[in-house]
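Commentary on secondary and tertiary structure
Residues per chain, in single letters:
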Amino acid sequence: MTPSTNKFEDPVWLTCYVQGQVRNLFPLNEDALLPSSDEIRRALEATLKQLRRIKAFASTGFSPLISWQYAIFLYRLSRVMRATRDENESPTLVFLLNKAMNGIDLYHEIELSDSFVLGHTVGLVFAKATYGEDCVYHQNCTVGRNSDDRPSLGAGVILYPGSAIIGRCRIGNNTVVSAGVQLINRDTPDDCVVFRDEDGRIRMRDALEQYSRRYINPA
C-alpha cells in the first residue's frame, strides 16, 4: 500500500482508532476479538478503491469522520474478518460498531458489490438479498425480505430517501425508486423511474439517462 500524507489512511493509526472504539463500546477484554492491523489494511485498500470511483470524493481520500465513508470501511472490515476467521463474534462486533456509529444495519453476511454509494447512512437497512453493481442507497431506505422471499437488485439501481424494496421483487438495471415509494413483491423493467402519481398510485416511466453515472464513474 502506497504511503499517504493523510493520517486517516495510515493503517497503524486506523488500527488504534478502530480497536479503541471496539474496546470502549464492547468492554469484553478479549484482544483476540479486535481487528488486526492486516485486516484493517485490507479493508482500507478496498475502501480507497471504491472511493476513487465516487465522483464527489474521488480525489479527497478517506476519513473516518465522514460517516458514510466510515460506514463503507467498517462494512469492508467486517467482511474481511468474516472471511479470515473461523468464528462469528469478532465480525459481528464490527457490524455492531457500524450500526452504533453510523445508524446503518448492514450485516457482514450480506454481500454488496465492489462498487456502491451510500448517501446519509441513518436508517439504511439491508436484508440478505442480491445486489448489483453501482447502486446508490440514500437514508431511511430498506431492502427487506417477506417471509422467505428476498429482492434482487440489478446494476445502477438508485433508492431515494424513504423508499423500500421488500419481498419477491426483481428490480431491473438502471431503475430509480423515488422518495417514499415502496415496492412489495413487485418487479420493474430495466431503465425506468418508479414514482407515485397524484392519486398515490405507483407508476413507471422510461429513464432518460443512466442516473448512477451522476454518482459513480465507470470502472
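Residues numbered from 1 in each chain as written. Predicted model: local features only at pLDDT ≥ 70, side-chain atom pairs only at ≥ 80, totals over all residues. Heavy atoms only, no water.

Here we look at the packing of aromatic side chains
Inspection of every chain in the model, using the stated rule, returns 11 aromatic pairs. With 6.1 Å between their ring centres and 10° between their planes, Y70 and F73 make a pair best called stacked. With a gap of three residues between them, Y70 and F73 both fall in helix α3 (residues 67-84), about one helical turn apart. Residues Y70 and F73 agree in their burial class; the two are buried. (Phe/Tyr/Trp six-rings, centres within 6.5 Å; stacked < 30°, edge-to-face > 60°. Helix = DSSP H or I, 4+ residues; strand = E, 2+ residues; numbered from the N terminus. Buried < 20%, exposed > 50% of the residue type's maximum accessible area, 1.4 Å probe, protein only.)

Regarding the pairing of strand β12 (residues 192-196)
Sheet topology places strand β10 (residues 175-177) next to β12; three bridges connect them, and they run parallel. In the strand pairing of β12, V176 is matched with V193. Sheet topology note: the β12/strand β13 (residues 202-206) ladder contains five bridges and is antiparallel. Among the inter-strand pairings, V194 is bridged to a residue of β13, identified as M204. (Pairing = 2+ DSSP bridges.)

Some remarks on the sheet that holds β13
The pairing of strands in a sheet comes from backbone hydrogen bonds and takes either a parallel or an antiparallel form. With mixed pairing, six strands are arranged side by side in an open sheet as β2-β4-β7-β10-β12-β13. The open sheet terminates on both sides in strands that have one partner only, identified here as β2 (116-118) and β13. Inspection of the sheet shows strand β7 (residues 158-159) paired to β10 by two bridges, in the parallel sense. Its bridge partner being in β10, I158 is matched across the sheet by V176.

Description of the pattern of salt bridges
Taken as a whole and assessed by the stated rule, the structure comprises 15 salt bridges. With its nearest N and O atoms 2.4 Å apart, the salt bridge here joins D38 to R41. Placement of the pair is D38 and R41 together in helix α2 (residues 37-51), with a separation of three residues, close to one helical turn. On the basis of relative accessibility, which here comes to 29%, the residue R41 falls in the partly exposed class. A salt bridge links E87 to R85; the nearest nitrogen and oxygen atoms lie 3.6 Å apart. For E87, a relative accessible area of 27% translates into the label partly exposed. Residue class for R85 comes out buried when judged on its relative accessible area of 19%. Beyond isolated ion pairs, a larger network of salt bridges with shared partners links D197, D199, R201 and R203. (Salt bridge = Lys/Arg side-chain N within 4 Å of Asp/Glu carboxyl O.)

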